[in-house]
Amino acid sequence: MYIKEISVENYRNYDELSLQFDNQINVIIGENAQGKTNLMEAIYVLAFTKSHRTAKDKELIKWDSNYAKIKGDVFKRNRSFPLEVIFSQKGKKAKFNHIEQKRLSDYIGALNVVMFAPEHLNLVKGSPQERRKFIDMEIGQIQPVYIYHLGQYQKILKQRNALLKDLQRQKQTDRTMLKVLTEQLIEHGSIVLKKRLQFLQKLREWATPIHDGISRGLEALTIDYEGSINVSEDTDLERIIETYTSYYDSIEDREVERGTTLAGPHRDDLIFYVNNRNVQTYGSQGQQRTTALSLKLAEIELIDQEVGEYPILLLDDVLSELDAHRQSHLLNTIQGKVQTFVTTTSVDGIHHETLKDAQIFNIHNGQLLSER
Ligand code: ATP
Ligand code: MG
């Protein structure tokens, strides 16, 4: 799949801009603060209807405007279709083939995007929340129904936490409602957990050999899922539900005492090991980067496996952060099969010859200066 064209209106520091892309490599060059990341973000928003760097949609609207629009033409499965996301004071609209999609899960997945930015180099060392976001976004774009269950889970979690606070402060003492919410939480949480475990199983199958390749066979990567209950990807859904049910039973008093939900997918984490040592604790910066890169490359392969086509790859400021060996590993893997967008302030830090044939866009102050 690839994006043929994107146009934005009143988006970030852009008034109006249309760009036609190469289906291989596109390089966006510009000084700091000219709009490179904004463009990457626009492609990301087209895929997910939300930004990778802010939860506040309003920030996407140009300061002096009251709406922002991003449109794109996507080529996937031998056909082209338009996507459109519009932000206004009233909220957002997402259109697939000119038709508004009311449910996010009906829109997401039309365009598959993998973003790799400097903050992802931090995926291993960063907070558990970042790692959960990573798997949630990836599963969501492969299996949109996951977004539905995760959304329901989060909604019920909020209600349950509010109720637990009330019980803690003894604003109420009856626990009937708590039981109902626990059951609903488990219903969606079990599906979320099951899908995460299955996803991780597949991701591992790609990430392990890729990591082996980048580290020239010297380092073996393993990935564990750290959950509140002890189940595996082979555990069936009923069993997961039973296990959660008895676990929540056993911690109910503690949850009331603490006034919050103490178990469930929202507290789970991923742990990475290289040669059986925890990378988060013991890994050098280079090892952490190799792990992050392996995960991103694995993600690309996994999307191809599940969706039948390679996703679009966004490399924001990250290429120049990788050494020559990792750079060429990355570029060799994607060459000829993945439409890729690279941002940089200068081509000097980029060694690889693939970039010689790339389409180059020079961006200055929210405008296209030249392309070649
Ligand atoms: P760097 O090389 O430093 O990463 P960049 O080219 O990636 O720079 P962007 O992050 O794309 O820069 O931001 C470009 C500019 O967009 C910034 O100067 C920022 O102030 C401006 N900007 C961000 N949001 C808005 C907005 N809603 N309206 C107008 N301008 C905005
Ligand atoms: Mg930037």
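Not measured: the values here are computed from a predicted model. (Residues numbered from 1 in each chain as written. Chains lettered and ligands numbered in written order. Predicted model: local features only at pLDDT ≥ 70, side-chain atom pairs only at ≥ 80, totals over all residues. Heavy atoms only, no water.)

Colleague: Hey, could you go over the UniProt feature "domain: RecF/RecN/SMC N-terminal" (unreviewed entry) in the protein chain for me, with residue numbers and the actual values?
Modeller: As annotated in UniProt, the feature "domain: RecF/RecN/SMC N-terminal" (unreviewed entry) corresponds to residues 2-346 in the numbering used here. This span, residues 2-346, is 45% helix and 23% strand, and a straight line between its end C-alpha atoms measures 25 Å. (UniProt positions renumbered as here; feature names shortened; annotations may be inferred. Helix = DSSP H or I, 4+ residues; strand = E, 2+ residues; numbered from the N terminus.)

Colleague: Lay out the packing of aromatic side chains in plain terms, naming residues and giving numbers.
Modeller: Within the structure shown, the criterion is met by six aromatic pairs. Arranged with centres 4.7 Å apart and planes meeting at 85°, the rings of Phe21 and Phe341 form a pair that is edge-to-face. Of the two residues, Phe21 is situated in the loop between strand S2 (14-20) and strand S3 (25-29) and Phe341 in strand S13 (residues 340-344); the sequence distance between them amounts to 320 residues. You can call Phe21 buried: its relative accessible area is 11%. (Phe/Tyr/Trp six-rings, centres within 6.5 Å; stacked < 30°, edge-to-face > 60°. Buried < 20%, exposed > 50% of the residue type's maximum accessible area, 1.4 Å probe, protein only.)

Colleague: Please provide a residue-by-residue account of helix H1 (residues 36-48), values included.
Modeller: In this model H1 runs 19 Å from its N-terminal to its C-terminal C-alpha over 13 residues, within 8% of the 18 Å that 1.5 Å per residue would give. Of all 13 residues in H1, 13 are buried; the element is thus mostly enclosed. Thr49 occupies a position one or two residues after H1 and carries a positive phi of about 60°. (Expected span 1.5 Å × (residues − 1).)

Colleague: Mind laying out the site of ligand 1, listing which residues take part and the relevant values?
Modeller: In the vicinity of ligand 1 lie 16 residues, with Ala33, Lys36, Thr37, Asn38 and Ile61 positioned nearest. Arg12 has a polar backbone atom sitting 3.1 Å from a nitrogen atom of ligand 1. The contact in question runs from a nitrogen atom of ligand 1 to an N or O atom on the backbone of Trp63, over 3.2 Å. Calculation on ligand 1 without its partners gives an accessible area of 660 Å², and the protein chains cover 77% of this total. Its residues assigned to classes, the shell around ligand 1 comprises three nonpolar, six polar and seven charged. (Near = heavy atom within 4 Å. Polar contact = N/O pair within 3.5 Å; in protein donor to acceptor, adjacent residues only side chain to side chain. Areas by Shrake-Rupley, 256 points an atom, 1.4 Å probe, with all protein chains shown as cover. Nonpolar A, V, L, I, M, F, W, Y, C, P; charged D, E, K, R; others polar.)

Colleague: Describe the nonpolar core, listing the residues and the values that go with them.
Modeller: Leu111, Val113 and Leu314 are the most contacted members of the largest nonpolar core, which has 114 residues in total. No other element matches the 13 residues that helix H5 (residues 176-214) contributes to this core. Not counting chain neighbours up to four residues away, the residues in contact with Val113 comprise Ile43, Tyr44, Ala47, Phe48, Glu138, Gln141, Pro311, Ile312 and Leu314. (Core = buried A, V, L, I, M, F, W, Y, C linked by side-chain atoms within 4.5 Å. Contact = heavy atoms within 4.5 Å.)

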